[in-house]
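# Examining the three-dimensional arrangement
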Amino acid sequence: MLLRRGVVALLTLVVLTACGDDAAPQPMAGQPSGGQSQGRQVDDGSAGLAGRGASAAPGNTADQATKALAFVKKQPGTFGIVVRDRQTGQVWRAGDTKATTWTASTIKLAIATDLLERQQAKAITLAAADKANLDKALINSDNDAATALWNKFDGPGMLDRFTARFGMGDLAVIDGYDTFWRNLRCSAEDLQSLMTYVLEKLDATSRTYLVTTLRKVAANQHWGVWAAGSALRPGNKDGWAEKPVDGKNVWVTHTVGFAGDGERYVVAAMYEQKPGGTLEKGAHAVSDAVATYFGAKVPAPVTLP
């Protein structure tokens, strides 16, 4: 179930069944399949807005930030987006950035970060097959590759590091489900913290690999942060899935990545639509929010899964 918290928003779809984590979640033994997801604490459909200033994205103006905020606010469902300027420290937020929902495939970035860091510390050794699975999980969003890595390298044991090291404080297992990468929830703030960790605290070799790899994702991920435009050399990990929330299946479409010279801007967006939404609507929505903020073409020219 979607976790909603008090909102402080700042002014200022390759094959779907194989790659986007669109399969049904895996309940614990004795639990019914499908049904309600868990975790909502507050059901607050409103989106309060407060301002601390917009970051100075290339060509960004207060008008662009205002338009992006207004666009997010009118989307049906729960939408949260964060853009952090690593150069100035300014942060722009819109929507409910602390709301949590199914992570879908964005969590593959956290898995990759953890494995690379453990290898650097000589705690594990990634064989050629493991490295190939990393590429598949990130570039093609391959679910089997992610599952192989999760099973081989103690996936459940990664969660404490996701929260304590990567700053993913809202990350949790969906109540009633096994501790498995496809059964996790987090917030846009969590994804922003993860991407910031990669860019600012991960060792140089691992960071270079992730930045390079996220910039060459397959066409099924040419949306979301990708919509910032080729001039900003974006890289991203997207996630898309149809999941149970409050007893009904809904689409989630998320994106996390970076844009700008020196990966200046960290971008994270999570969008859980209401029942009746579609993959196409969700992917276009997060893409257009990013494009509007960065002054890129809207509707954003995206390639859907």
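For the structure itself, consult the block above.
Here's what I pulled together on the structure shown here. What you see is a predicted model; the values in this text were computed from it and never measured. Counting from 1, residues in each chain are numbered in the order their sequence is written. Per-residue local features are limited, in this predicted model, to residues with pLDDT of at least 70; the limit for side-chain atom pairs, both in listing and counting, is 80 or more; totals at the level of whole chains, interfaces and linings are taken over all residues. Side-chain metrics rest on all non-hydrogen atoms present in the structure, leaving aside hydrogens and water.

## Description of the sheet that holds strand β10 (residues 265-272)
With antiparallel pairing, the five strands of this open sheet are ordered in space as β4-β3-β10-β9-β8. The two strands at the open ends of the sheet, each matched to only one other strand, are β4 (91-95) and β8 (235-245). On average, each strand axis in the sheet is inclined to that of its neighbour by 5°, with strand direction left out of account. Where strand β3 (residues 78-85) and β10 come together, eight bridges link them in antiparallel fashion. Paired with I81 across the bridge in β10 is A269. Two strands qualify as a pair provided that DSSP identifies no fewer than 2 bridges between them. A helix here means a DSSP run of H or I that spans at least four residues, while a strand means a run of E at least two residues long, and both kinds are numbered starting from the N terminus. In this analysis, axes come from line fits to C-alpha atoms, helices being fitted only over the stretch in contact, and the angle between any two N-to-C directions falls in the range 0 to 180 degrees.

## Some remarks on the sheet that holds strand β6 (residues 172-173)
One open sheet holds the three strands; their spatial order is β5-β7-β6, and the pairing between them is antiparallel. With partners counted over all chains shown, the strands left at the sheet margins are β5 (100-102) and β6, one partner each. Note that β6 and strand β7 (residues 184-187) share two bridges and pair antiparallel. Across the sheet, residue A172 finds its bridge partner in β7, namely R185.

## Regarding the side chain of D203
Structurally, D203 can be placed in the loop between α7 (188-200) and α8 (204-214). Lacking a salt bridge, the buried D203 has R207 as its closest oppositely charged neighbour, with an N-O distance of 7.1 Å. By the criterion applied in these results, polar contacts are pairs of N or O atoms within 3.5 Å in which, for protein atoms, one can donate a hydrogen and the other can accept it, and in which residues neighboring in sequence qualify only through two side-chain atoms. Engagement of the side chain of D203 in a polar contact is seen with the side chain of S206, the distance being 2.8 Å. Relative accessible area decides the class of each residue, using a 1.4 Å probe on protein chains only: under 20% of the type maximum gives buried, over 50% gives exposed, and in between gives partly exposed. Counted as positive: Lys and Arg. Counted as negative: Asp and Glu. His and the chain ends are not counted at all. Each salt bridge in this description consists of a side-chain nitrogen of Lys or Arg and a carboxyl oxygen of Asp or Glu lying within 4 Å of one another.

## A look at the environment of V72
The topology assignment puts V72 in helix α2 (residues 62-73). The class of V72 is buried, set by a relative accessible area of 3%. Counting along the chain gives 217 residues from V72 to A289, while the straight-line C-alpha distance between them is 6.6 Å. Each residue touching V72, except ones within four places of it in the same chain, is listed here: F79, I81, A94, G95 and A289. In what follows, residue pairs with any heavy atoms lying within 4.5 Å of each other are defined as contacts.

None of the figures reported here should be taken as evidence of function without further support.
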